[in-house]
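# Inside the fold
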Amino acid sequence: MTEIFWLIPFVPALSTLILALFGTKLPKKYVSYQACLAVFGSFVISVISFLSLLQVSHESYPLVKNLFSWISSGSFNVNLSLQLDPLSAVMAMVVSGVGFIIHIYSVGYMAKDEGYTRYFTYLNLFMFAMLLLVMASNVVLMFVGWEGVGLCSYLLIGFWFEKHSAASAGKKAFIVNRIGDAGFLLGIMFIFIYIGSGEFTAINAAIGGGAITQGLATLIAILLFVGATGKSAQIPLYIWLPDAMEGPTPVSALIHAATMVTAGVYMVARMNLLYALSGTAAQIVAIVGAVTAVYAATMALTQNDIKRVLAYSTISQIGYMFIGCGVGAYAAGMFHLYTHAFFKSLLFLAAGSVMHALSGELNMKKMGGLRKYLPLTYPTFLIGAIAIAGIPFFSGFFSKDAILTAAYANGYYFVWGLGILGAVLTAFYMFRLIFLTFHGQERLDPKVKEHIHESPPVMTIPLVILAFFSIIAGFVGLPVVLGKKLNFFGHFLEPVLRGGHETHISHDLEWILIGISVGVALLGIIIAWFFYIKAPRIPERIRERFPRIYKLLYNKYYIDEIYNAAFVNPTVRGSEKIYDHFDLKVIDGAVNGTAKVTGFSGKILSYFQSGLIKDYALIFLLGVIIFIGYLIIF
Amino acid sequence: MNSFFALFPLLIIVFIALAVLILEVFLKRENRDYLAYISLVFLVICAFVCIQFWNKAYYYFDGNLLLDQFALFFTFILLLSTGFVVLLSMKYISLQDVNYGEFYALLLLAVSGAIIMVSSPDLLVIILGLEVLSISSYALTGLKRKDELSSEAAIKYFLLGSFATAFLLFGLALLYGASHSTGIPTIIRYFNTEADLSLMALIGLGLIVIGFGFKIALVPFHMWTPDVYQGAPTPITAFFSVVPKAACFAIFLRIFYPFWKTAFDSQAIFWLLWGISVLTMVVGNLVALRQTNVKRILAYSSIAHAGYLLVALLAQDNSSLVFYLTVYLFMNMGAFAAVIALSKKDKEYLELEDYSGIGFKYPWIGVTLSIFLLSLAGFPPTGGFLAKFYVFSSAVRQGLVPLVIIGVLASLISVYYYLRIIVHMYMREPSREVDIVVENPALFLVLFLCLYGVLQLGLYPRNILVLINQAVSLL
Amino acid sequence: MNFPILSVVTFLPLAGAILLIFINKKKENHLRYIALGITLLTFIISLFLYFNFNSSTSDPQFVEKSVWLGYGIKYHMGIDGISLFLVLLTTFLMPITILSSWTYIKKRTKEYLIFMLMLETGIIGVFVALNLFLFYVFWEAMLIPMYFLIGVWGGHRKIYATIKYVLFTMVGSLLMLVAIFYLYSAYYKATGTYSLNLFDFYNMSLSPGIQIWLFLAFALAFAIKVPMFPFHTWLPDAHVEAPTAGSVILAAVLLKMGAYGFLRFALPLFPSAVIKFLPFLAVLSLIGIIYGGMMALIQKDVKSLVAYSSVSHMGLIMLAIFSLNTEAMEGAIYQMLNHGLSTGALFLAVGILYERSHTRLIKDYGGVSKKMPVFAAFFLIFMLSSVGLPGLNGFIGEVLCIFGIFKANKIFAILAVTTVILAAGYLFWMFQRVMHGPITNDKVQSFKDLNKREIAYLVPIVIMMFWMGIFPNMFLRKMDSSVTHLLNMVNTKKATISQTQKGEDLLVKIDDHALEEKNKEKEEQTR
Amino acid sequence: MGYFLFFLLAALCVGSVLGMIISKNQAYNALFLIPAFASLGGLFGLLEAPFIAVVQIIIYAGAIMVLFIFVIMMINVQKGVPPEKKKWTLYLSFGLAVVLVIELAVALKAAFTLPVSTETLKAGPVNLGRLLFTKYLYPFEITSILIIAALVGAIVLVKKKEQE
Amino acid sequence: MIPPNYFLILSIILFVLGVIAFFIKKDLLTMFMAVEVMLNATNLAFLSLARSANSIDGQVIVFFIITVAASEAAVGLAIILLVLRQKKTIKTEDIKLMKG
């Protein structure tokens, strides 16, 4: 029974294959059943595997299933093998569980779309790739999943490819991801060169045996982290994620909130020994995470598009996860990943529900007072927002608090400070979102208003389920202060995350820290209430007062433009210049020039062929004279 | 066998030339084809007679006539090319108004001159043979009497030819003065033993080389070639491109093969020939690039090929030179056959523009001409490639690497203009109305024989190589 | 092995071409079916090579050897793990290209098919020949059909393109011919016998000074064929102007000849020169990777975009070859196959578009996905294969190449990895502009999705892409011993040269016996 | 006596060739050549080649030059063609001619110093005839072919067009 | 007895005069005459060299050369007549239809 886990990724793979080959001929209903069932199957197997894992002793972790030798050439050997350990088990459950819920939601959400089958094909393919990423027992196979999810992300962002924006967002996502992947690939190469194998067990053994130096570890860790910044949308490669909202909302929920974007966090956690060995790399992870957390949050402040706000919030939350990993609290990072999966997908799905209700409207400025129209969506959305804001007893609170506490405890005060700042901002923009959308005046378009309706059960039930989990999920990892045994989550992951280090701080201090984070969350909510309910004029005034800052934030620090100007345009322009001036003129010019010179010398020579007998005789005579002269002189 | 029998090959040719002259009187104009048939039959008979002499290398007439395998092999080449030319002429002369019985007579006399050249070890006889060849050639060039180009070509050829002959004879005088003989073996022996008059003899030799080089069209003695090739009746051009070249190269072989082996320091003449070879290859190919008249292109191409042949001479590889000549005979004859095919009454299509779209309109002509051109350019698996392969590989073996590099680069240039003809045939839309007389079985026979020759020589020339090796072994 | 299977595989297409000559040109469908049948038959027979291939030896297999012209010119054929797959690639792609030109070629079908079949013979011949003469014959002979294919059935600038192609290729190959002559004469001088047998030359050791020149001549020929930067400018022209099938063959197989030439000739014959030029060649390859990618980025014409992408990909292959280690070599060979499939497939895809709209400019398209969803799926898979997405074939080759390069030189590898980004950049950008977005062109509005024939020839490619991506070991194992042997040859010869001939500028033929004696002498001297 | 005769004949010969070069009229050109060839015949006589000398006078000065004049008469209309005006060609050919003189002189320099035998040659027609029909029989036969070729060639080129 | 080298020098002079005449004269006929002069110079050289070799073979050769010259004259004049008939001129500069 313990071996069954290798099926987890392949159930959706089989489904993908069937859909890809015969999808167009199958009835819609069948397609949705099959797609959902496949993911559900994975989920069931994950749960079984999880349970079976609990019965196995820690020493035999990880369980590895070797399917066959995939690539083998010289010293480069890669097996197609999957592994099950607490980390992958948790991830597999989260991914397939959330994935399943979102599949169901999609059935309703996408019901009227032309590309219904295509959508589910992609979605199943994504599940396959993501689960492969999670279950892989070596870095290369992980990279397969890593690239695979990138592809699916591309496909799903560009799902409505007739729209220019969607198509180019998809392309942007893929290319930006590729930049990260290039780093990741290099990291893999280093691993293979210096460790000789890509198996995680071998890597961990090598690190444990002191096979690689600290400097090398840093290099590899950073290269891998470059991959992570691409996939998990961290500075500097986060730019694709906001645009990724062009995809269907369930996709945003699944890929761009709950699962794929957290792959980087998973990877760092997976490689925890490496980061622990390096130290420097871990610091970089923490700092990047922290800066991203705040930076993304500031951008979320001014956005009017619901999904964009959520996208920036995702970036910011993943930043928190990286803080957790960077400061050595891998379990906390993973814990946040796990809770975030619920509340963020909840938020997205709820946002999708709002969109659904408003015929696709996304601009908060055109909403307001929706509370009464959307009786189910509103509370669930609110739960999500509370969870993310870090109000006690909701899941987000536990995980975020674990991270911040660990950061403080491990001496990263600066990071902690940024985390707190981020927490204020998070609470603020989430409630700004709530208030602008559901409270206050109605600013609806009259036409939209006619069609306004709550979503069908197939969409709202998933919301309810997710809301439920958003509330309770945190209880598996209660703060240490309540008793060490109560942190089931951390305890469970402990055998895998040996690279983490915990510095114990006094209970008092821990209470204080909890207090601070709760306090700032509340502060954020209150400010939001003040700004958008109590005195709606204030934001206007602030905007008038600090137009530059507002503009900077509103335009996302002009980062897209800067990237375009710094990288994209120079490459394209430069290539054009090289093409025109070098390729065509110099290289090809040299080629054609040679031909021309040859032809021209022929022309000159043919000038001597004047047609006159005397000229001919003269050249003959010249030849004779040179000939004889040479013989004489020689 | 006594001397009289040894004259048989030559006598047959001359006899039939005279017979043609006489028969012409009795034949109606439409029946002149019979003259061609008779000529062909006797050419074949002559070849059979020659076979009788194979393996019996004897001197006749006081050493003035030598029927060794070398001479006989070249006689075969000459007879074969003449046979091709006769076949090519049959329709041509009636279409282009050159329909004189003397045509065949002169042709046969010309080839008899060439046969005299190759089958003698004595320079005097050789030069007399050359004169027979030249004088007949002058007349043949001008045979299209209505055509201004033809007579212009004739006068150019004649004046420059006799100008060159004067130098040739002066050279002979110098050689004679130094060595007191005109026999090649004696002269070579002279070079071997004495050196007091060596400069005079060397210059004499040089002038002789120039004289033959004129016929072969080595740069800078080539100036007449394109004009004469263009103006002469096309079958005669084909004749010119092969027969005098073959004959003169036979003489070169006779002179130089022993010459390279002498103790005498032959560096000077070696490097001269080296330079001429380079010039010939480069100039021939470069100027060919600019031509638009197919006959002129082929003229320059034949100049360039003389350069490659000279490389073989310098590489001292006789068999590859002879092989090259043999292949050259087939491919060049074939190419000219195709050019001749593109003609109608009183009109020849010779401009490149005329060739546009020919390839698909007349597929057989297109295909065969393409193959001949590719062979001339040296593409495998044709004979042209193998010939170049042999020549250049033995040149490299002799250490002539720079020469070979120049040679291959020159042949690269040549690829351009050969391909240009193919471009016109296949890749351009026809721009002019071209209709040709298709019923010309003799010509197609030549086309296919040449095609066969080019492919056979390119793919499996072992038998012919055996013959060639026998032929050159006795030099 | 008595059955001359290599000869059959090589010359069956030619026989087919001759058969076609005698068939009425008006019966176009007959002609097409016969050509298709012949190529399929060739493919089936060539599969036999795969299944009977003994992967435990590095010796050439299915050897045929007979006297031909004398002077060392022999009819000598055989394949090893390196050439096996290139032959198979050719025979595999040929029926596909015939199918792809079923309706694409509207005029002069007969001649077209004849040239295609001749081309196949030429290509296979290059890969199986073991005698340098035979090799060169095929190498050059193959130019002719290609010349006609581009020149007759090509686009607007076909004549320029085709002549440029032929002349460019010949510059190198003629100099290579001179080098072959040199080898030929060196062997003759050393042993007194004529030989053009590749293996005889392998056993011959040349002084480093001469090796340099010979290597340069060989390398130039192959570098032009590959094409390596800066000899690449014929490629875009030829690719753009060629008909689809021509582009496919050109990209998929002909470019491989250059890389194959390096593997088979340039490296093992002149190891010491190789070592000398290695950095230089590696840098050129590297420039090719980045340069090709950048040029591909800004092309306005789909075909020339794919052509420049070939430059980039081939750069990676060359860099891997010059890394001289097992992984890189195998990766390079594997990547050759991948590139053959993926770029060939991309050209097929472009050809399908071109057949519908008769334009190759990117800006004339847009929104094609909407009208041709099945095509879009195929196109996407081809593109993903080309960018090296894991699970597809391209990844295996790419990762092995990069790993091998990494082993040899980390900086190069780091720079080479940019191909991953650039490839994604130009291909996805092109895909976006062609396939996505709203439909702006009326012609696109009338596009019909793939018909059965088109699907029929695209499906095998897709299957192969997945197959090779998932089970690469089926291919890699067959190469192992050949690649190892090749590397051993390069490395040991390198060693013996530095051992025996320091500074000597003489031609020395080394067979094992003589070498032993020499070493003994040295030992005695040192005592 | 011999020297006097030599210089006289040489001067006559060179002089008439120069005359031909300078004269503008084609008829005069031909006429100038007759004394040149005749004096050459004389020089041949001085070289103890009496038979050749006679042949020279008969064939060259007689037959060939008559042919030339005959042709000139057929040309009839020519007022005479002035010499070459293209200056650079002229100078170049002059220069080349000078170089050629030097070169030939250098080439023959060795011959100048050869010992001269004082024996008289037995170069009468009988001896020549004997040689001609023994050692030089083959070339002699060939001249017959040569002459046939020349005749046929000349006739075919200038004969009247055949009547259909 | 006049030394043969006198004749040799004369022959060189004649030969070169022939060459000069060939380049100076502008009508085909005279150019051909110039060639005849060159041939005669050759004959002179032959005879003088034969003299110094003390052999009469040279005289036989000269006999042949005269034959050659005569045959050339026959064909040559015929060709000149042909040209004259067609072009109504025998100026060399008028004969340049073909070039390049």
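Structure's up top.
Throughout what follows, the structure given in this document is the object of discussion. All figures in this text were calculated on a predicted structure; none of them were measured in a lab. (Residues numbered from 1 in each chain as written. Chains lettered and ligands numbered in written order. Predicted model: local features only at pLDDT ≥ 70, side-chain atom pairs only at ≥ 80, totals over all residues. Heavy atoms only, no water.)

## What to know about the overall build of chain B
The number of helices and strands found in chain B is 20 helices and four strands. Principal-axis analysis of the C-alpha atoms gives chain B an extent of 65 × 55 × 40 Å. Within the span of chain B, comprising 475 residues, buried residues form 75% of the whole. For chain B, the share of sequence-separated contacts (at least 6 apart) that also reach a separation of at least 24 residues comes to 80%. (Helix = DSSP H or I, 4+ residues; strand = E, 2+ residues; numbered from the N terminus. Buried < 20%, exposed > 50% of the residue type's maximum accessible area, 1.4 Å probe, protein only. Contact = heavy atoms within 4.5 Å.)

## Observations regarding the overall build of chain A
Within chain A, the regular secondary structure consists of 26 helices and two strands. Across its three principal axes, chain A shows a C-alpha extent of roughly 115 × 65 × 55 Å. When burial is assessed residue by residue, chain A has 63% of its 634 residues classed as buried. Sequence separation of 24 or more characterises 81% of the internal contacts of chain A that already satisfy a separation of 6 or more. A total accessible area of about 22500 Å² is found for chain A, and carbon and sulfur atoms account for 68% of it. Side chains of chain A give 41 positive and 31 negative charges; the mean places of these two sets differ by 7 Å. (Areas by Shrake-Rupley, 256 points an atom, 1.4 Å probe, with all protein chains shown as cover. Lys, Arg positive; Asp, Glu negative; His and termini not counted. Charge placed at Lys NZ, Arg CZ, Asp CG, Glu CD.)

## Some thoughts on the interface of chain E and chain D
In this complex, chain E contributes 67 residues to the contact, which on the side of chain D involves 79 residues. Interface area, chain E with chain D, both sides summed: about 6800 Å², of which 81% is carbon and sulfur. Interface area lost by chain E to chain D is led by Met33, Arg51 and Gln59 of chain E, which between them contribute 9%. Across the contact surface, chain E and chain D share two salt bridges. For Glu48 of chain D, the salt bridge goes to Arg51 of chain E, with nearest N and O atoms at 3.0 Å. Here chain E is connected to chain D by 11 residue pairs in polar contact (both at pLDDT 80 or more). (Buried area = accessible area lost by both parts, 1.4 Å probe. Salt bridge = Lys/Arg side-chain N within 4 Å of Asp/Glu carboxyl O. Polar contact = N/O pair within 3.5 Å; in protein donor to acceptor, adjacent residues only side chain to side chain.)

## Re the packing of helix α2 (residues 26-46) of chain D against helix α2 (residues 28-53) of chain E
Two elements in contact, α2 of chain D and α2 of chain E, have axes separated by 11 Å at closest approach and are oriented at 5°. In terms of orientation, α2 of chain D lies roughly parallel with respect to α2 of chain E. Here Gln26, Asn29, Ala30, Leu33, Phe37, Leu40, Leu43 and Phe44 of chain D of α2 of chain D come into contact with α2 of chain E, specifically with Thr30, Met33, Glu36, Val37, Asn40, Asn43, Leu44 and Leu47 of chain E. Tallied by class, residues from the contact of α2 of chain D with α2 of chain E come to 10 nonpolar, five polar and one charged. (Axes fitted to C-alpha atoms, helices over the stretch in contact; angles between N-to-C directions. Parallel < 35°, antiparallel > 145°, perpendicular 65-115°, else oblique. Nonpolar A, V, L, I, M, F, W, Y, C, P; charged D, E, K, R; others polar.)

## Side note on the side chain of Glu327 of chain C
Within the secondary structure, Glu327 of chain C sits in helix α14 (residues 326-357). Only 2.9 Å separates the side chain of Glu327 of chain C from the side chain of Lys407 of chain C, close enough to count as a polar contact. With residues near it in sequence (within four places) discarded, Glu327 of chain C still touches Ser73, Gly74, Ser75 and Phe76 of chain A together with Leu400, Phe403, Gly404 and Lys407 of chain C.

## A short note on the packing of helix α2 (residues 8-26) of chain B against helix α5 (residues 101-118) of chain B
Residue and element names in this part refer to chain B. Closest axis-to-axis distance for the α2/α5 pair is 8 Å, and the angle between their directions is 170°. Judged by the inter-axis angle, α2 sits roughly antiparallel to α5. Crossing of α2 over α5 shows left-handed handedness. Of the residues in α5, those in contact with Leu10, Ile13, Val14, Ile16, Ala17, Val20, Leu21 and Glu24 of α2 are Gly101, Glu102, Tyr104, Ala105, Leu108, Leu109, Val111, Ser112, Ile115 and Ile116. Taken together, the residues of the contact of α2 with α5 break down into 14 nonpolar, two polar and two charged. (Left-handed = near helix turned anticlockwise from the far one by under 90°.)

## Quick word on the arrangement of the chains
The chain pair with the greatest number of contacts, out of eight pairs of chains in contact, is formed by chains D and E. Structurally, chain C and chain D remain out of contact, their C-alpha atoms never closer than 39 Å. One finds no contact linking chain C with chain E; the least C-alpha distance across the pair is 24 Å.

## Thoughts on the interface of chain C and chain A
Where interface size is quoted, it is often the accessible area lost as the parts come together. The partner chain A presents 47 residues to the 59 residues of chain C that form the contact. Between chain C and chain A, the buried area comes to about 4700 Å², and carbon and sulfur atoms account for 72% of it. Across the contact surface, chain C and chain A share three salt bridges. With a closest N to O distance of 3.0 Å, Lys370 of chain C and Glu114 of chain A form a salt bridge. In this assembly, chain C and chain A are joined by 23 residue pairs in polar contact (both at pLDDT 80 or more).

## Quick word on the pairing of strand β2 (residues 76-84) of chain A
Residues and elements named next belong to chain A. Along β2, seven of the nine residues are buried, which leaves the element largely enclosed by surrounding structure. The pairing of strand β1 (residues 63-73) with β2 spans nine bridges and is antiparallel. The residue bridging Phe68 from the neighbouring strand is Leu80, located in β2. Turn length for the β1-β2 hairpin, with the two strands adjacent in sequence and antiparallel, is two residues, and the turn residue Gly74 shows positive phi of about 55°. (Pairing = 2+ DSSP bridges.)

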